[in-house]
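Survey of secondary and tertiary structure
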Amino acid sequence: MGIGDIFIIAGQSNASGRGWTLNNYSHASLKGALFGNDDNWKELADAVDSNTGQIDPVSSDADAAGSPWPLVASSIMTAENVPVAFVPTAMGGTSILAWQPGANHSDPSTLYGSMNRRITAAGGNVRAILFFQGERDAKDGTTQATYETRLNTFVNTANSDFPGLQTMIGQIGQSGSAYPGKDEVRAGQINVSHTNANAILGPVTYDVNLDDEGGDNVHFKSDSDMAAFAERWYKAIDKAFYGGTNGYGPIVDCAVLCYDGGLNKVIVYFSDDTSPVIDPTSTVAATSFELKNNGTAVSISSVNIVGN
């Protein structure tokens, strides 16, 4: 049996897939399905975002490679004993501006319009949009306010065009100095997830080390990094749609963030249903964080993980 719940994949390169390994799902009796870029249903396998026979040139991504989606499918089907399907619409290197709807919401020459058209072509009844995007905006220095406005527009337009459709927003991962706006983008993604009823908090990935194993500090490439990426996506999906506990990564709990003036110490609480939230044996260090006082950099003498 195949099809089952249908998820739309949108965003940029990490949604498209840049992994070194082409992944396959595994299940004894259920089939993972893929509505390919050629508008044909087929069995799920990487490269999920292959542009072979692609109908809409706007999202044709020649660099599509290994992705988390077959691994996510395996986890869902094993846990729920239901089939699952994916519809790729992502495009590497695209900004949040590029995902804004045009006057014609189903214009296939735009990224949003192509996604809209493919939702309809796949039957119109989909569970959610899985959105992982923001590296381009982090590189370009998009402000948090601008990013939030544009992300809200994307989320709300999709919900208006397909009533009830929600967007699960992943938080971009580790990136280097070439991406100066990464914190603004992450903050915007968190705020939209917390304040927009049409948005769902997706995986948090900034604690996954992307500069090891030959990585480029922005893409999930190695098998270990891809496995972590897939597990975060699965746990977020499981939490939102199948009644599971969250394990989508450490979330900063801003409500209890505090500064201890007497000890000259900042205490940052992270939340997650899994334990440990942050591995006590991790290599987190003073260089893992940036601290500013009214915009002026403040040196950090040490970092300690307390409990989990």
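Up top you'll find the structure we're talking about.
Counting restarts for each chain, with residues numbered from 1 along the sequence as it is written. Two thresholds apply to this predicted model, a pLDDT of at least 70 for residue-level local features and 80 or more for giving and counting side-chain atom pairs, whereas whole-chain, interface and lining totals are computed over all residues. As a rule here, side-chain values come from all non-hydrogen atoms in the structure, and water together with hydrogens is ignored.

**Structural notes on the pattern of salt bridges**
Every case where a carboxyl oxygen of Asp or Glu lies within 4 Å of a side-chain nitrogen of Lys or Arg is listed as a salt bridge. This model, assessed by the stated rule, comprises 11 salt bridges. Between Asp-61 and Arg-18 there is a salt bridge, with the nearest N and O atoms lying 2.8 Å from each other. Of the two residues, Asp-61 is situated in the loop between β3 (41-43) and α2 (69-80) and Arg-18 in the loop between α1 (13-16) and β2 (32-35); the sequence distance between them amounts to 43 residues. We note that Asp-61, like Arg-18, is buried. The network of salt bridges with shared partners includes Asp-39, Asp-56, Arg-117 and Arg-118. Only DSSP runs of H or I covering at least 4 residues are called helices, and only runs of E covering at least 2 are called strands; the numbering of each starts at the N terminus. To sort residues, take the accessible area from a 1.4 Å probe on protein chains only and compare it with the maximum for the residue type: under 20% means buried, over 50% means exposed, and anything in between is partly exposed.

**A word on the packing of helix α5 (residues 144-161) against helix α6 (residues 182-195)**
Two quantities define a packed helix pair, namely the angle between the helix axes and the distance between the axes. Lines fitted to C-alpha atoms define the axes here, with helix axes fitted over just the stretch in contact, and angles between the N-to-C directions of these axes take values from 0 to 180 degrees. Taken N-terminus to C-terminus, the directions of α5 and α6 make an angle of 40°; their axes are 8 Å apart at the nearest point. Classed by the angle they form, the pair α5 and α6 counts as oblique. With respect to the hand of their crossing, α5 and α6 are arranged in right-handed fashion. Residues Gln-144, Tyr-147, Glu-148, Leu-151 and Asn-152 of α5 pack against Glu-184, Val-185, Ala-187, Gly-188, Gln-189, Asn-191 and Val-192 of α6. Residue type decides the class: Asp, Glu, Lys and Arg count as charged, Ala, Val, Leu, Ile, Met, Phe, Trp, Tyr, Cys and Pro as nonpolar, and the leftover types, Gly among them, as polar. Looking at side-chain class alone, the contact of α5 with α6 contains five nonpolar, five polar and two charged residues. Comment on the angle field: the value is read as roughly parallel under 35 degrees, roughly antiparallel over 145, roughly perpendicular from 65 to 115, and oblique elsewhere. Crossings are sorted by hand: turned counterclockwise from the far helix by less than a right angle, the near helix makes the crossing left-handed, and turned clockwise it makes it right-handed. We call two residues in contact whenever any of their non-hydrogen atoms come within 4.5 Å of each other.

**Description of the nonpolar core**
Phe-7, Phe-86 and Ile-237 are the most contacted members of the largest nonpolar core, which has 38 residues in total. Contributing elements (two or more residues each) for this core: β1 (5-11), α2, β4 (84-88), β5 (128-132), β7 (199-204) and α7 (223-241). Top element by residues in this core is α7. It accounts for eight residues. Look past the residues within four positions of Ile-237 in its chain and what remains in contact with it is Phe-7, Val-72, Ile-76, Leu-130, Met-168 and Tyr-242. Among buried residues, the Ala, Val, Leu, Ile, Met, Phe, Trp, Tyr and Cys ones that are joined through side-chain atoms within 4.5 Å form a nonpolar core.

**Examining α7**
Any helix carries an expected span of 1.5 Å times its number of residues minus one. Over its 19 residues, α7 runs 26 Å from end to end, which matches the ideal 27 Å to within 8%, given 1.5 Å per residue. For α7, the full list of buried residues reads Asp-225, Met-226, Phe-229, Ala-230, Arg-232, Trp-233, Tyr-234, Lys-235, Ala-236, Ile-237, Asp-238 and Phe-241. Elements that come into contact with the buried residues of α7 comprise β1, α1, α2, β5, β6 (166-171) and β7.

**Some points on the packing of aromatic side chains**
The way to describe two aromatic rings as a pair is by their centre distance and the angle between their planes. Classification of ring pairs rests on two measures: the distance between centres of Phe, Tyr or Trp rings, Trp counted by its six-membered ring, which must be within 6.5 Å, and the angle between planes, read as stacked under 30 degrees, edge-to-face over 60 and tilted in between. The tally for this structure, following the rule as stated, stands at 14 aromatic pairs. Measuring from centroid to centroid gives 5.0 Å for Phe-132 and Phe-229, while their planes differ by 75°, and the two rings are edge-to-face. Highlighted residues: Phe-132 in strand β5 and Phe-229 in helix α7, separated in sequence by 97 residues. The structure contains a cluster of three or more aromatic residues connected by ring pairs, namely Phe-7, Trp-69, Phe-86, Phe-132, Phe-220, Phe-229, Trp-233 and Phe-241.

**Here we look at the side chain of Gln-54**
Note that Gln-54 resides in the loop between β3 and α2. Here Asp-56 takes part through its backbone oxygen, which lies 3.1 Å from a polar atom of the side chain of Gln-54. With near-sequence residues (within four places) excluded, Gln-54 lies in contact with Asn-37, Asp-38, Ser-59, Ser-60 and Asp-61. Any N or O atom pair separated by 3.5 Å or less is treated as a polar contact, with the protein-specific requirement of one donor-capable and one acceptor-capable atom, and with residues adjacent in sequence counted only for side-chain atom pairs.

**Thoughts on the environment of Arg-18**
For Arg-18, a relative accessible area of 12% corresponds to the buried category. It is 9.2 Å that separates the C-alpha atoms of Arg-18 and Ala-47, two residues lying 29 residues apart in sequence. Arg-18 has contacts with Ser-13, Asp-61, Asp-63, Ala-64, Ala-65, Gly-66, Gly-92, His-219, Phe-220 and Lys-221, leaving out every residue within four places of it along the chain. A distance of 3.5 Å separates the side chain of Arg-18 from the backbone oxygen of Asp-63, its partner in a polar contact.

**A look at the packing of α2 against α7**
At a minimum axis separation of 9 Å, α2 and α7 run at an interaxial angle of 45°. With respect to α7, the axis of α2 lies oblique. In the packing of α2 onto α7, the handedness of the crossing is right-handed. In contact with Trp-69, Leu-71, Val-72, Ser-75, Ile-76, Ala-79 and Glu-80 of α2, α7 contributes Met-226, Ala-227, Ala-230, Trp-233, Tyr-234, Ile-237 and Asp-238. Across the contact of α2 with α7, the residue classes break down as 11 nonpolar, one polar and two charged.

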